[in-house]
Amino acid sequence: MDFSKYEMYEFINRSAFNMATGFKERSYQMHWHSYGEILLVGPGDTNIFRVNQNTYDLVEGDFVLIWPMETHAIIDADREKSLVIQFSNAFINSLFDLQRIVHFYRNLHVLCINSHPELVKELTDLAYKMKEIFFSGGPDNELKCCMLLMQFMLTLDEHRDEFTDELRVDAHNGYEDDVMRRMMMVTDYIKNNLTADDLSQGAMAQMAGISRDYFSRIFKNVTGMNYSKWLNMIRLEKATELLSHNNMTLTEIAMLSGFQSIPSFNRVFHEEKGMAPGEYRALFVEEGKK
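Residues numbered from 1 in each chain as written. Predicted model: local features only at pLDDT ≥ 70, side-chain atom pairs only at ≥ 80, totals over all residues. Heavy atoms only, no water.

**Here we look at a negative patch on the surface**
Point 1. Negative charge collects at one region of the surface, where Glu118, Glu122, Glu158, Asp161 and Glu162 lie side by side.
Point 2. Locating glutamate 162 in the fold gives a position in the loop between α4 (141-158) and α5 (177-192).
Point 3. Judged by its relative accessible area of 36%, glutamate 162 is partly exposed. (Patch = residues over 30% accessible without salt bridge, like charges linked within 9 Å, V, L, I, M, F, W, Y side chains within 5 Å. Areas by Shrake-Rupley, 256 points an atom, 1.4 Å probe, with all protein chains shown as cover. Salt bridge = Lys/Arg side-chain N within 4 Å of Asp/Glu carboxyl O. Lys, Arg positive; Asp, Glu negative; His and termini not counted. Charge placed at Lys NZ, Arg CZ, Asp CG, Glu CD. Helix = DSSP H or I, 4+ residues; strand = E, 2+ residues; numbered from the N terminus. Buried < 20%, exposed > 50% of the residue type's maximum accessible area, 1.4 Å probe, protein only.)

**A word on empty space enclosed by the protein**
Point 1. As enumerated under the stated definition, the model contains three cavities of 30 Å³ or more in all.
Point 2. Counted as a void, the second largest cavity has a volume near 50 Å³.
Point 3. Looking at the second largest cavity, the residues that line it are Phe23, Leu39, Phe49, Ile74, Ala77, Asp78, Arg79, Ser82 and Val84.
Point 4. Looking at the lining of the second largest cavity residue by residue, the classes come out as six nonpolar, one polar and two charged. (1 Å grid on protein atoms, 1.4 Å probe; cavity = no way out; pocket = protein on both sides within 12 Å on 5 of 7 lines; lining within 4 Å. Points joined across faces, edges and corners; volume = space filled by probe spheres on them. Nonpolar A, V, L, I, M, F, W, Y, C, P; charged D, E, K, R; others polar.)

**Some points on the sheet that holds strand β4 (residues 48-51)**
Point 1. Read across the sheet, four strands follow the order β2-β7-β4-β5 without closing on themselves; strand pairing throughout is antiparallel. Bordering the open sheet on either side are β2 (28-31) and β5 (54-57), each of which pairs with just one other strand. Here the strands of the sheet are splayed against their neighbours by 20° on average, with no regard to which way each runs. (Pairing = 2+ DSSP bridges. Axes fitted to C-alpha atoms, helices over the stretch in contact; angles between N-to-C directions.)

**A look at the sheet that holds strand β8 (residues 83-87)**
Strands in a sheet are paired, the pairing made by backbone hydrogen bonds, and the direction either parallel or antiparallel.
Point 1. Strand order in the open sheet made by the five strands is β1-β8-β3-β6-β9, with antiparallel pairing throughout. The two strands at the open ends of the sheet, each matched to only one other strand, are β1 (17-20) and β9 (110-111).
Point 2. Note that strand β3 (residues 36-40) and strand β6 (residues 63-66) share four bridges and pair antiparallel. In the strand pairing of β6, isoleucine 38 is matched with leucine 65.

**Thoughts on the pairing of β4**
Point 1. Because side chains alternate across β4, one face comprises the buried residues Phe49 and Val51, and the other comprises Ile48 and Arg50, none of which is buried.
Point 2. Sheet topology places β4 next to β5; four bridges connect them, and they run antiparallel. Paired with isoleucine 48 across the strands is aspartate 57, a residue of β5.
Point 3. In this antiparallel pair of consecutive strands, β4 and β5, the connection spans two residues, and asparagine 52 shows a positive phi of 55°.
Point 4. Sheet topology places β4 next to strand β7 (residues 72-76); four bridges connect them, and they run antiparallel. Considered in β7, the bridge of phenylalanine 49 is made with isoleucine 74.

This is the structure:
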């Protein structure tokens, strides 16, 4: 029976934050999980990582960003002195601003020290503060680490203009709290009702009590993508979660994720993951359960 490449640490069930270091092996197979990871690359001439379909050859001090449900592997890298920060998906979903940041940067997987020296230095300082607190075993260490992790995300977001055009949003995001609460209400509703009859942008704008055009503009600014793109990403998150359950057919998964047909499910999945849903499942489900 093959080892399932869906990886689950016990911390998921009892905490929002975990940290790991000191692994002797230089590689780790392609896998995925429901929590996110931030890797601070260790020393050595060879540090090669893979996230989804892209391979990165990095240097000491670079960061690798792995968002929840993304496939990734360590091809050949120093894992003994590298630092791995892990955070639960529930932690990200606890605040709309964290959701916004994750969605905005979901295509950003590498922060290079040579390209963004000031930003990487700030983030490295935060990472080592987390390490000091986490391994001290002192009181409230999880809470303190989560506060630093939020500062990490905020610092990244404050440097957004350093990144490529497809990640950049030029418009100001300083919307009133009432508007942001309405947007959070809508996004929560969508995540909990993916099979609803009408999740169109017009219907969601009406739910939020604002015009469709204003809704569209806000949505693009706070998530970094248009509404239809974001909705497909949420559906894909649900679908990748359901793909770990072998008792469900692909048609059932597509329907429960809100896709209206198998062709649209296959198309969107392939566009984002580079493979068909069935191929994705074959990679990460035990052979003995097929």
